[in-house]
Amino acid sequence: MEIRNGYGTNGARVTGPVRVGDPLTLIIYMRSKYDGFDIVVNDCFAHNGANKRIQLIDEYGCPVDDKLISRFRGSWSDTGVFETQVYAYMKTFRFTGSPALYIECDVRMCHGRCPSQPCHWRNLKGVSKREAVQAPRPAVNTTLSDNISLFQALRVLQEDDEEARARKESITSAKPQQDMSETCMKTSVLSALLATCCVLLCVLGGSLLAACAKLRHRKKDAAFFDNYVGHKAQLD
C-alpha cells in the first residue's frame, strides 16, 4: 500500500508532510510469481490514531463520500511477474486539532477471481455510477482465502501551520548569534541606566554653568575694586 502525490500512479511517493487539499493517489498492489490471484479492497477508514474515525470505503468496495475518495480503479499485468494494482484518488483532509492521518484498508486476496461486487473495478467497465449504486448488493463473501489490513500514515499541515513555521524559521535565521563575551540586559534596566546618566549629565552641566557664572562675577568685582583703589592712591 502506497500513497503518491498527485492524481496518477506515476507520482512521487509521499515521504513528508502534506497540506490540506493536496491531491493524492492511494495505491494497493499485489505481485506474484504465479497467475490466478485477485484482490478486492473493502472497509477503508481514516482516523487520527485516537478516537476520531470516518469510513471512506464500505464493505462492498464503494466510496461512502465521493468528495473524500473516488472509486477504486485497477490494472493487471502478466509480463514476467503477475501484478494486480488498484488505486483511488483523494484530496488530503485533516481532523480538527490533529495533524496525524492514518488510512487503513482491508484487502482480501482471492484464488482466481474475487466474487462480484457492485463497485469492484473489474465489473465497472461500461457501467455508469448510477447503475453501480442502484445494483443490488450481495452479501459479503466470507470464503475468501486471505484478509489483511494495510495502512499508511500521513502528517497533514494547514496553511497557518506552514506560515507559522516559515515565520519562525525566518526569525531564527535573521537573529544574530550572540557573542559569549557580550552581556545581556533587560530593556527596563537599560532605560533606567540611560535616564540616570542623563540626569547626572544635566546636573553636572548645571554645576559647570553656575561655576562659570560665579567666576565671571568675581572677575568683574575684582576689576572694579582695583580701579577704585588705584584712583584713591593718586596724589596731586
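Residues numbered from 1 in each chain as written. Predicted model: local features only at pLDDT ≥ 70, side-chain atom pairs only at ≥ 80, totals over all residues. Heavy atoms only, no water.

Points about the overall build of the protein
Here comes step 1: The helix and strand tally for the protein stands at three helices and nine strands.
Here comes step 2: Its helices and strands taken in sequence order, the protein reads β-β-β-β-β-β-β-β-α-β-α-α from the N to the C terminus.
Here comes step 3: Counting the 236 residues in the protein, one finds 28% classified as buried.
Here comes step 4: Pairs at least 24 residues apart make up 65% of the contacts formed inside the protein by residues separated by at least 6 positions.
Here comes step 5: Put simply, the protein shows about 16,300 Å² of open surface, and 56% of that area lies on carbon and sulfur atoms. (Helix = DSSP H or I, 4+ residues; strand = E, 2+ residues; numbered from the N terminus. Buried < 20%, exposed > 50% of the residue type's maximum accessible area, 1.4 Å probe, protein only. Contact = heavy atoms within 4.5 Å. Areas by Shrake-Rupley, 256 points an atom, 1.4 Å probe, with all protein chains shown as cover.)

Brief notes about the side chain of E83
Here comes step 1: Note that E83 resides in strand β7 (residues 82–91).
Here comes step 2: Side-chain polar atoms of E83 contact the side chain of R31, separated by 2.5 Å.
Here comes step 3: Not counting residues up to four positions away in its chain, the partners in contact with E83 are Y29, M30, R31, S75, W76 and S77. (Polar contact = N/O pair within 3.5 Å; in protein donor to acceptor, adjacent residues only side chain to side chain.)

Notes on the state of the cysteines
Here comes step 1: Summed over all chains, the structure comprises two disulfides.
Here comes step 2: Here C44 connects covalently by a disulfide to C105, the sulfurs 2.0 Å from one another. On the S-S bond that ties C44 to C105, the torsion sits near 115°, and the link is right-handed. Highlighted residues: C44 in strand β4 (residues 37–47) and C105 in strand β8 (residues 100–111), separated in sequence by 61 residues.
Here comes step 3: According to the relative accessible area criterion, C105 is buried, its value standing at 0%.
Here comes step 4: Between the sulfur of C62 and that of C119 lies a disulfide, 1.9 Å long from S to S. With the S-S bond torsion at 100°, the cross-link from C62 to C119 turns out right-handed. Of this pair, C62 sits in the loop between β5 (53–57) and β6 (73–77) while C119 sits in the loop between β8 and α1 (129–134), placing them 57 residues apart in sequence.
Here comes step 5: No disulfide involves C198; its sulfur sits 6.7 Å from the nearest other cysteine sulfur, which is in C202.
Here comes step 6: Look at C198 and you get partly exposed, because its relative accessible area is 46%.
Here comes step 7: Look at C202 and you get exposed, because its relative accessible area is 59%. (Disulfide = S-S within 2.5 Å.)

Comments concerning the UniProt feature "transmembrane region" (unreviewed entry) in the protein
Here comes step 1: Summarizing the sequence annotation, UniProt attributes the feature "transmembrane region" (unreviewed entry) to residues 189–211 in the numbering used throughout.
Here comes step 2: As a span, residues 189–211 carries 100% helix and 0% strand, and end to end its C-alpha atoms are 33 Å apart. (UniProt positions renumbered as here; feature names shortened; annotations may be inferred.)

What to know about the packing of aromatic side chains
Here comes step 1: Per the counting criterion, the structure on display carries three aromatic pairs.
Here comes step 2: Measuring from ring centre to ring centre gives 5.2 Å for Y7 and Y89, while their planes differ by 40°; the resulting arrangement is tilted. Here Y7, found in the loop between β1 (2–5) and β2 (18–19), pairs with Y89, found in strand β7; they are 82 residues apart in sequence, far enough to count as distant.
Here comes step 3: Y7 sits in the partly exposed class, given a relative accessible area of 48%.
Here comes step 4: By relative accessible area, which is 24% here, Y89 ends up partly exposed.
Here comes step 5: Three or more aromatic residues joined by ring pairs make a cluster, and in this case those are Y7, Y87 and Y89. (Phe/Tyr/Trp six-rings, centres within 6.5 Å; stacked < 30°, edge-to-face > 60°.)

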